[in-house]
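Residue-level structural notes
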Amino acid sequence: MRRFSWFNATSLTFGFVFLYLPMLLLVIYSFNSSKLVTVWAGFSTKWYGELLQNEAFLDAAWVTLRVAVISSTIATVLGTMAAYTLVRSGRFLGRTLFSGMIYAPLVMPDVITGLSLLLLFIGIGLDRGVLTIVLAHTTFAMCYVSVVVSSRLVSFDKSLEEAALDLGCTPMQSFRLVTLPIIAPAVISGWLLAFTLSLDDLVIASFTAGPSSTTLPIKIFSAVRLGVSPEINALSTIMIGIVTVGVISASLITKRSVVRQQREEQEAIRS
């Protein structure tokens, strides 16, 4: 076992400082009473109140959440179907083309993807709005879902499905009662990944959004171009808090499930 040297400790410390010190400063200055984000003038929470009264930010946040939920759900369904087809259907005509179309958006620059979708929507006469953002986010998010679910299906024990079929299940029942519960963690992970990518997207949304469908990243980017305001610090702090609570909750749930599984295995061995 390798010893934890001073070099490793120093490198780890600098890495964490580089990553999290800017976030810590952002959180601290979100409670600054001054309008200047770089000048500390005392503790205050007034910018959180100002943020809650800012209709532009609230509308953008609502659009972002709505787009993220809808697009990630559709992307999860389509990505799971695509992964199941690639893993379980064997070789079929057009498999190489189908696989390439699934994985192409993973390596395609966002500018190219956004521009091509914009030209498509203009060509078919579809007005830009929430619908076009949902379609755009679904297009690239389903590729990530497909990769996550495929990795789980590859290691899936097919004998479980075969046993269900031998016991009288139809292929659909076998998938619903056996396959889907087993790959559910991968499906949920794919949904969370698609949801995060949709929340974070700026480039593709800027090409496909309309005047009445501004997302939160676009709104923040537009506001930062005129200077960072304390309201943006407050908004960023709220987002950091939500992410922190989500990560901690997921870690606790995972730890409890592992402990429960180990306890059940020990009880099964004893019995």
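Along each chain, the written sequence defines residue order, and numbers are assigned to residues from 1. Predicted model: local features are reported for residues with pLDDT of at least 70 only, side-chain atom pairs are reported and counted for 80 or more only, and whole-chain, interface and lining totals are derived from all residues. The basis for every side-chain value is the complete set of heavy atoms in the structure, and neither hydrogens nor water enter the calculation.

It is worth spelling out the layout of surface pockets at this point. When its volume is computed, the largest pocket comes out at roughly 1,100 Å³. Every definition here rests on a 1 Å grid over the protein atoms only: cavities are sets of points where a 1.4 Å probe fits but cannot get out, pockets are open sets enclosed by protein on both sides within 12 Å along at least five of seven lines, and lining residues have some atom within 4 Å of a point. Considering the residues around the largest pocket, the lining is formed by 30 residues, among which L199, M239, I240, I242 and V243 are closest to the centre. Counting from the N terminus, the helices are DSSP H or I runs at least four residues long and the strands are E runs at least two residues long. Residue assignment for the lining of the largest pocket shows that the elements contributing at least two residues are α1 (6-29), α2 (46-52), α3 (55-88), α8 (171-200), α10 (216-224) and α11 (230-270). Under the grouping applied here, Gly and all other residues not named as nonpolar or charged are polar, the nonpolar ones being Ala, Val, Leu, Ile, Met, Phe, Trp, Tyr, Cys and Pro and the charged ones Asp, Glu, Lys and Arg. Looking at side-chain class alone, the lining of the largest pocket contains 24 nonpolar, 5 polar and 1 charged residues. Grid points are joined across faces, edges and corners, and a volume is the space filled by probe spheres set on the points.

Once that is clear, we can look at the side chain of S30. Locating S30 in the fold gives a position in the loop between α1 and α2. Reaching out from S30, the side chain makes a polar contact with the backbone oxygen of V27 at a distance of 2.5 Å. Residues in contact with S30, not counting those within four places in the same chain, are S44, W47, Y48, N233, A234 and T237. We define a polar contact as two N or O atoms separated by no more than 3.5 Å, with the added condition that, inside protein, one atom must be a possible hydrogen donor and the other a possible acceptor, whereas residues neighbouring each other in sequence contribute only through side-chain atom pairs. Working rule for contacts: check all heavy atoms of both residues, and any pair within 4.5 Å makes them a contact.

Time to look at the packing of α3 against helix α6 (residues 130-154). To define axes, lines are fitted to C-alpha atoms, for helices over the stretch in contact only, and angles between the resulting N-to-C directions are given on a 0 to 180 degree scale. For the pair α3 and α6, the least separation of the axes is 5 Å and the interaxial angle reads 40°. What the angle tells us is that α3 and α6 run oblique. The interaxial crossing formed by α3 with α6 has right-handed handedness. Taken together, the residues that form the contact of α3 with α6 break down as 20 nonpolar, 8 polar and 2 charged. Under this scheme an angle from 65 to 115 degrees is roughly perpendicular, one under 35 degrees roughly parallel, and one over 145 degrees roughly antiparallel; angles in between are oblique. Handedness of a helix crossing follows the sense of rotation of the near helix relative to the far helix, less than a right angle counterclockwise being left-handed and clockwise being right-handed.

This brings us to the packing of aromatic side chains. Note on aromatic pairs: the rings of Phe, Tyr and Trp (six-membered ring only in Trp) are paired at centre separations within 6.5 Å, and the planes decide the class, stacked below 30 degrees, edge-to-face beyond 60, tilted for the rest. Throughout the structure, instances matching the rule amount to 5 aromatic pairs. Aromatic pair F31 and Y48: ring centres 5.2 Å apart, planes at 35°, arrangement tilted. Pair noted here: F31 is in the loop between α1 and α2 and Y48 is in helix α2, with a separation of 17 residues, a long-range link. Relative accessibility thresholds used throughout: buried, under 20% of the residue-type maximum; exposed, over 50%; partly exposed, between the two (1.4 Å probe, protein chains only). Owing to a relative accessible area of 23%, F31 belongs among the partly exposed residues under this scheme. Grouping aromatic residues by their ring pairs yields a cluster made of F31, F43 and Y48. In this arrangement the basic side chain of K219 is found over the ring face of F57, its NZ or CZ atom lying 6.0 Å from the centre. Consider the ring centre and the ring normal. A charge sits over the ring if Lys NZ or Arg CZ is within 6 Å of that centre and within 35 degrees of that normal.

Buried Ala, Val, Leu, Ile, Met, Phe, Trp, Tyr and Cys residues form a nonpolar core when they are joined through side-chain atoms within 4.5 Å. By size, the foremost hydrophobic cluster in this structure holds 14 residues, and its most contacted members are M142, V149, L153 and I183. Excluding residues that lie within four positions of it along the chain, M142 makes contacts with A75, L78, G79 and I102. Listed in part, the 10 residues of the second largest apolar core include L51, A60, I232 and L235.

Once that is clear, we can look at a nonpolar patch on the surface. Exposure above 30% relative accessible area and the lack of any salt bridge qualify a residue for a patch; like charges then connect within 9 Å, and the nonpolar side chains Val, Leu, Ile, Met, Phe, Trp and Tyr within 5 Å. Calculation of accessible area relied on Shrake-Rupley with a 1.4 Å probe; when residues are assessed, cover is drawn exclusively from the protein chains displayed. Salt bridges are counted wherever a side-chain nitrogen of Lys or Arg sits within 4 Å of a carboxyl oxygen of Asp or Glu. Taken together, V17, L21, L24, L25, I28, W40 and F43 make up a surface patch of nonpolar side chains, about 670 Å² in accessible area. Mapped onto the secondary structure, L25 falls in helix α1.

The geometry of α6 relative to α8 is characterised by a closest axis approach of 9 Å and an angle of 150° between their N-to-C directions. The element α6 and its partner α8 pack so that their crossing is right-handed. Where α6 abuts α8, its residues H137, F140, A141, Y144, V145, V148, V149, R152 and L153 lie against T179, I182, I183, A186, V187, S189, G190, L193, A194, L197 and S198.

With that settled, the discussion passes to helix α4 (residues 95-107). The end-to-end C-alpha distance of α4 is 19 Å, a good match for the 18 Å that 13 residues give at a rise of 1.5 Å each. Note that the bend at a residue is defined as the angle between axes fitted to the seven residues ending at it and the seven residues starting at it. Within α4, the axis deviates most sharply at M101, by approximately 30°, and proline P105 lies no more than four positions further along. Helices are assigned an expected span. That span is 1.5 Å times one less than the residue count.

Here the focus is helix α5 (residues 110-123). The terminal C-alpha atoms of α5 lie 20 Å apart, and with 14 residues this matches the ideal 20 Å at 1.5 Å per residue to within 8%. Every buried residue belonging to α5 is among T113, G114, L117, L118 and F121, and all of these are buried. Here the buried residues of α5 occupy an arc of 130° about the axis, which is enough to place them on one side. Residues of α5 that are exposed and point over 90 degrees away from its buried face: L119, I122 and G123. Looking at the residues trailing α5, positive phi occurs at G125, about 75°. Starting at the helix axis, one direction is taken to each C-beta atom, and the arc is that of these directions.

Take the environment of V67 next. Assignment of secondary structure puts V67 in helix α3. The exposure class assigned to V67 is buried, which follows from its relative accessible area of 1%. Once you skip the residues sitting within four places of it in the chain, V67 turns out to touch S72, V130, I133, V134, H137 and S198.

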